[in-house]
Amino acid sequence: MNPDLQKLHPYPFEKLMQLKAGITPPAEKPHIALSIGEPKHAPPEFVKKAMLHQLDRMGSYPLPKGIVELREAIAQWLVNRFNLKRTSLDADKHILPVNGTREALFAFAQAVVDRSLDAIIMMPNPFYQIYEGATLLAGAQPYYMNTTADNGYLPDLDSVDPKIWQRCQLIYICSPGNPTGAVMDIAYLQRLIELSDKYDFVIASDECYSEIYFDEQQPPTGLLQAAVAMGRDNYARCVVFHSLSKRSNVPGLRSGFVAGDAKVIQQFLKYRTYHGCAMPEFTQHSSIDLWQDEQHVKANRDLYREKFSKVVDILSGTLKVSQPDAAFYLWPETPVDDQTFARELYAQQNVTVLPGSYLSRDNSNNLGSNPGANHVRIALVASVDECIDAANRIIEFSNTL
Ligand SMILES: Cc1ncc(COP(=O)(O)O)c(C=O)c1O
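Residues numbered from 1 in each chain as written. Predicted model: local features only at pLDDT ≥ 70, side-chain atom pairs only at ≥ 80, totals over all residues. Heavy atoms only, no water.

Around the ligand sit 15 residues, and of these T101, D206, Y209, S243 and S245 come closest. Within the contact set of the ligand, an oxygen atom lies 2.6 Å away from a side-chain nitrogen or oxygen of T101. In this structure, a nitrogen atom belonging to the ligand sits 2.6 Å away from a side-chain N or O atom of D206. The site holding the ligand turns out to be the largest pocket. If you list the elements that add at least two residues to the shell around the ligand, you get α4 (101–112) and α9 (244–247). Per element, the largest residue contribution to the shell around the ligand is three residues, and it comes from α4. (Near = heavy atom within 4 Å. Polar contact = N/O pair within 3.5 Å; in protein donor to acceptor, adjacent residues only side chain to side chain. 1 Å grid on protein atoms, 1.4 Å probe; cavity = no way out; pocket = protein on both sides within 12 Å on 5 of 7 lines; lining within 4 Å. Sits in = over half its atoms within 2 Å of the grid points. Helix = DSSP H or I, 4+ residues; strand = E, 2+ residues; numbered from the N terminus.)

A few words now on the sheet that holds strand β12 (residues 376–379). Neighbouring strands of a sheet are bound in pairs by backbone hydrogen bonds; such pairs are parallel or else antiparallel. Pairing within the open sheet is antiparallel, and its three strands lie in the order β9-β12-β11. Every interior strand has two partners, whereas the edge strands, β9 (329–330) and β11 (354–355), have only one. (Pairing = 2+ DSSP bridges.)

Once that is clear, we can look at the layout of surface pockets. Its volume calculated, the largest pocket comes out at about 520 Å³. What lines the largest pocket is a set of 27 residues, among which G37, R102, Y128, Y209 and K246 lie closest to the centre. Residue assignment for the lining of the largest pocket shows that the elements contributing at least two residues are α1 (12–20), α4 and α9. The class makeup of the residues in the lining of the largest pocket is 14 nonpolar, seven polar and six charged. (Points joined across faces, edges and corners; volume = space filled by probe spheres on them. Nonpolar A, V, L, I, M, F, W, Y, C, P; charged D, E, K, R; others polar.)

Let us now look at helix α12 (residues 295–316). Along an α-helix, residues three or four positions apart point the same way, because every turn accommodates 3.6 residues. In this model α12 runs 31 Å from its N-terminal to its C-terminal C-alpha over 22 residues, within 8% of the 32 Å that 1.5 Å per residue would give. For α12, the set of buried residues is H296, V297, N300, R301, Y304, K307, F308, V311, V312 and L315. All buried residues of α12 lie within an arc of 130 degrees about the axis, which places them on one face of the element. Exposed side of α12, more than 90 degrees from the buried face: Q295 and D313 are the residues found there. Contact partners of the buried residues in α12: α2 (45–54), α9, α11 (281–291), β9, β12 and α14 (384–398). (Expected span 1.5 Å × (residues − 1). Buried < 20%, exposed > 50% of the residue type's maximum accessible area, 1.4 Å probe, protein only. Arc of directions from axis to C-beta. Contact = heavy atoms within 4.5 Å.)

Pairing within the open sheet is mixed, and its seven strands lie in the order β2-β8-β7-β6-β5-β3-β4. At either end of the open sheet lies a strand with only one pairing partner, and these are β2 (95–98) and β4 (141–146). Direction aside, neighbouring strands of the sheet carry axes that sit 20 degrees apart on average. (Axes fitted to C-alpha atoms, helices over the stretch in contact; angles between N-to-C directions.)

Turning our attention to the pattern of salt bridges. Here the structure, examined in full by the defined rule, presents 27 salt bridges. Connected through shared salt-bridge partners, E216, K298, R301, D302 and R305 make up one network. (Salt bridge = Lys/Arg side-chain N within 4 Å of Asp/Glu carboxyl O.)

Of all six residues in strand β3 (residues 120–125), six are buried, a share of seventy percent or more. For the segment spanning β3, helix α5 (residues 130–137) and β4, crossover handedness is right-handed. In terms of strand pairing, β3 meets strand β5 (residues 168–174) through three bridges, oriented parallel. Each bridged residue has a counterpart across the sheet, and for I121 the counterpart in β5 is L170. (Right-handed = clockwise from strand over helix to strand, strands pointing away.)

And the structure:
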């Protein structure tokens, strides 16, 4: 077997299952899961109908490159959303549909990394664990960059040793971030693009939460947008990852895309041809309808806005918590260690949250500290009423500590 498989860490939800094993929570309190980042709002009705109309298409093999109609719809969405020049984006060269960002984020490292060099892949810490698994299976070394309240939950780019940047072949960034919700502004993204020019590495910008934000006048900036604002239109070394999962509440549809640097996309397509992960044509056609509609996305944001306002209000008197810039997570500090907090909350209140230390590593670059310790991730994905109920139970529990 591939010895690198031994390097993979158990997934956070495996650890959570073990943490909860053997506990019987009070049966009179219905279980509320705030641990998984799986959207629970209803998918738009029109996508179900669209899918039914397209099912006959399962009679043919889909191509890895996807259908041109979908790539064109995605190009137009990118132009509208991120203020790009339509002429700078060629649906044939800059865009590839993928089966959700997870598989693409993983596969991307396998395509990008040159194993013959002493490769480093950089990533935030805490992180989405796929970045780390992709790194280890690509034969590279992960370099963790702590994101804490002290640095505004954004990796401190200027504290990294030039020797590390020289070995860096790929960096994963996540904005809005999971779990902190922090958004990278345009100056931050442009600083990173300058570093990628200087040291020649690829930026994989995970923007799957870009459509979950609170201020309708201030949607989060994207990496391609930052590149264009620097006067560039070739997107060199910049690749973004987008998804319908959170934007349109269809995590089961498995639909997203990657877009950016034409040379990188071309090589990634070559990789994907062998990987054999083309998106089914009925999914592609249904996805077009979703990328072309913003009404359901705005309605989705309205629901999150209501939940965050009510839940932050309830929690903030007792826990150290603040409204994030974007995305659908809260990242409060816990008055006791995070595993104890999560386990006892489940035992007493039948509410599941995820210990922050399961999402991050002890970081030898920062004196061995684990930036997820003493935090929990609370995903506000359930209904408004359930989230309010859960928040009240979290307070009742916290008051016993
Ligand atoms: C940061 C981040 N990236 C990517 C994904 C994967 O989403 P999908 O594969 O559904 O697009 C998730 C899912 O929770 C996530 O939190």
